[in-house]
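Structural characterization, general
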There are 2 protein chains.
Amino acid sequence: MRDVLDRVGDKWSTLLLSVLATRPHRFSALLRAVPDISKRMLTQTLRDLERDGLVEREVFPTKPPAVEYRLTALGATILEPLGGLMAWADRSHAAIRAARARFDALSGL
Amino acid sequence: MRDVLDRVGDKWSTLLLSVLATRPHRFSALLRAVPDISKRMLTQTLRDLERDGLVEREVFPTKPPAVEYRLTALGATILEPLGGLMAWADRSHAAIRAARARFDALSGL
DNA sequence: CAGGATCCCTTCCGATACTG
DNA sequence: CAGTATCGGAAGGGATCCTG
């Protein structure tokens with residue numbers, strides 16, 4: 001249970017899942033689509049998602065090789081609950097930032 | 001957006017929110033209700049949740065002091081989307097574990 | 001192009017001891 | 001009871017270089 005949510009809670013995982021939700025992407029396309037992610041973290045996060053069966057990897061034996069990543073059927077099922085959470089975050093981020101500002105102001109006294 | 005999900009992705013935060021969903025708890029009660037959390041992490045996680053306005057803290061000036069933590073109205077609103085995700089995790093953990101076993105078996109060749 | 005390997009710095013976090 | 005303070009090991013993750 002916890003390890004499942006750990007993956008969802010991972011910043012890069014959620015971003016990658018939402019990028020792949022639209023259409024399959026190649027490695028370098030993901031690198032461009034997700035600014036600030038390093039090659040290292042992209043590789044590692046994709047491996048984790050693949051290991052969990054949320055993403056699948058297809059290698060085209062061209063020269064130079066191309067690799068495409070896409071959501072699996074299982075991976076597609078997480079989009080709805082994940083979207084619910086992102087919608088909540090979107091609805092609530094103003095209230096959260098206000099709460100933080102209030103808290104920090106009181107702490108700074 | 002990311003920092004909001006970071007808090008949700010935090011293992012202890014989600015556990016504390018679901019414990020507090022039933023009723024308010026005192027510090028020591030939370031310590032007992034969430035096995036394996038250290039005093040340090042409990043304090044820190046509660047501060048973060050309080051800072052974000054999801055949890056509120058009430059101090060009773062007794063001797064020795066008692067402190068009660070409860071969800072705020074904002075904190076209560078996250079329970080539904082969070083529940084959706086936990087339900088997904090519950091539905092999918094078998095498939096995920098199977099995918100992991102398959103992946104690890106192929107990696108070990 | 002896609003990714004493995006290495007170095008190294010930073011952050012996380014548990015254990016322990018102390019306080020109002 | 002409900003914390004705070006400090007230390008030290010473990011883990012996260014960026015930068016860089018190398019390869020099929």
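Residues numbered from 1 in each chain as written. Chains lettered and ligands numbered in written order. Predicted model: local features only at pLDDT ≥ 70, side-chain atom pairs only at ≥ 80, totals over all residues. Heavy atoms only, no water.

**A closer look at the protein's contact with DNA strand D**
Under the convention used in this document: One heavy atom within 4 Å of a molecule or strand makes the whole residue count as near it. Throughout this description, a polar contact denotes any pair of N or O atoms lying within 3.5 Å of each other; where both atoms belong to protein, one of them has to be capable of donating a hydrogen while the other can accept it, and for residues adjacent in sequence the pair is counted only when both atoms sit in side chains.
The environment of DNA strand D is formed by 17 residues, the closest being S38(A), S28(B), K39(B), R57(B) and Y69(B). Each atom of DNA strand D within 4 Å of the protein was classed as base or backbone; sugar and phosphate made up 59%. Separating a phosphate oxygen of DNA strand D from a side-chain N or O atom of S28(B) is a distance of 2.7 Å. Residue R47(B) places a side-chain N or O atom 3.2 Å away from a phosphate oxygen belonging to DNA strand D.

**Some thoughts on the environment of G84(A)**
Residues and elements named next belong to chain A. The condition that has to hold: Segments assigned H or I by DSSP are reported as helices when at least four residues long, segments assigned E as strands when at least two residues long, and all are numbered from the N terminus. Summary of the burial criterion: residues with accessible area below 20% of their type's maximum are buried, those above 50% are exposed, and those between are partly exposed, where the area comes from a 1.4 Å probe applied to protein chains only.
Position of G84 among the secondary structure elements: in helix 6 (residues 79–107). Classification of G84 by relative accessible area gives partly exposed; the value is 26%. Separated by 76 residues in sequence, G84 and V8 have C-alpha atoms that sit 13 Å apart.

**Examining the nonpolar core**
So the rule is basically this: Joining through side-chain atoms within 4.5 Å is the link that ties buried Ala, Val, Leu, Ile, Met, Phe, Trp, Tyr and Cys residues into a set, and such a set is a nonpolar core. In what follows, a contact means two residues having at least one pair of non-hydrogen atoms within 4.5 Å.
L30(A), W88(A), L30(B) and W88(B) are the most contacted members of the largest nonpolar core, which totals 52 residues. Look past the residues within four positions of W88(A) in its chain and what remains in contact with it is I96(A), V4(B), L54(B), L74(B), T77(B), I78(B) and P81(B).

**Observations concerning the layout of surface pockets**
Which entries qualify depends on this criterion: In this analysis a 1.4 Å probe is tested at points of a 1 Å grid over the protein atoms alone, and where it fits but cannot get out there is a cavity; an open set with protein on both sides within 12 Å along at least five of seven lines is a pocket; lining residues have an atom within 4 Å of a point. Grid points are joined across faces, edges and corners, and a volume is the space filled by probe spheres set on the points. Residues are grouped as follows: nonpolar covers Ala, Val, Leu, Ile, Met, Phe, Trp, Tyr, Cys and Pro; charged covers Asp, Glu, Lys and Arg; every other residue, Gly included, is treated as polar.
The space that makes up the largest pocket amounts to roughly 190 Å³. What lines the largest pocket is E50(A), R51(A), G53(A), V55(A), E56(A), T72(A), A99(B), R102(B), F103(B), L106(B) and S107(B). For the lining of the largest pocket, the secondary-structure elements that each account for two or more residues are helix 4 (39–51) and strand 2 (55–60) of chain A together with helix 6 (79–107) of chain B. Counting residues per element, the lining of the largest pocket draws most heavily on helix 6 of chain B, which supplies 5 residues. When its residues are assigned to classes, the lining of the largest pocket shows 4 nonpolar, 3 polar and 4 charged.

**Overview of the sheet that holds strand 3 (residues 66–71) of chain B**
Residues and elements named next belong to chain B. Threshold: When DSSP locates at least two bridges between a pair of strands, those strands are taken to pair.
Strands sit in the order 1-3-2 across an open sheet of 3 strands; the sheet is antiparallel. Where the open sheet ends on each side, the last strands, each with one partner, are strand 1 (25–26) and strand 2 (55–60). With 2 bridges connecting them, strand 1 and strand 3 associate as antiparallel partners. Paired with R26 across the bridge in strand 3 is E68.

**What about the interface of chain B and chain A?**
Here is the rule: What counts as buried area is the accessible surface, traced by a 1.4 Å probe, that two parts surrender upon association, with contributions from both included. Basic side-chain nitrogens of Lys or Arg form a salt bridge, by our definition, when they fall within 4 Å of a carboxyl oxygen of Asp or Glu.
Residue-level contacts link 37 residues of chain B with 38 residues of chain A. Surface buried jointly by chain B and chain A totals about 3,500 Å² across both partners, of which 68% is contributed by carbon and sulfur atoms. When the buried surface of chain B facing chain A is broken down by residue, R51(B), W88(B) and R100(B) rank first, second and third, together holding 21% of it. Summed over the shared surface of chain B and chain A, the number is 4 salt bridges.

**Focus on empty space enclosed by the protein**
Summed over all chains, the structure comprises 3 cavities of 30 Å³ or more. For the largest cavity, the calculated volume is near 80 Å³. Lining the largest cavity we find L5(A), V8(A), G9(A), T14(A), L82(A), L85(A), L5(B), V8(B), G9(B), T14(B), L82(B) and L85(B). Within the residue set of the lining of the largest cavity, elements represented by two or more residues are helix 1 (2–9) and helix 6 of chain A together with helix 1 (2–9) and helix 6 of chain B.

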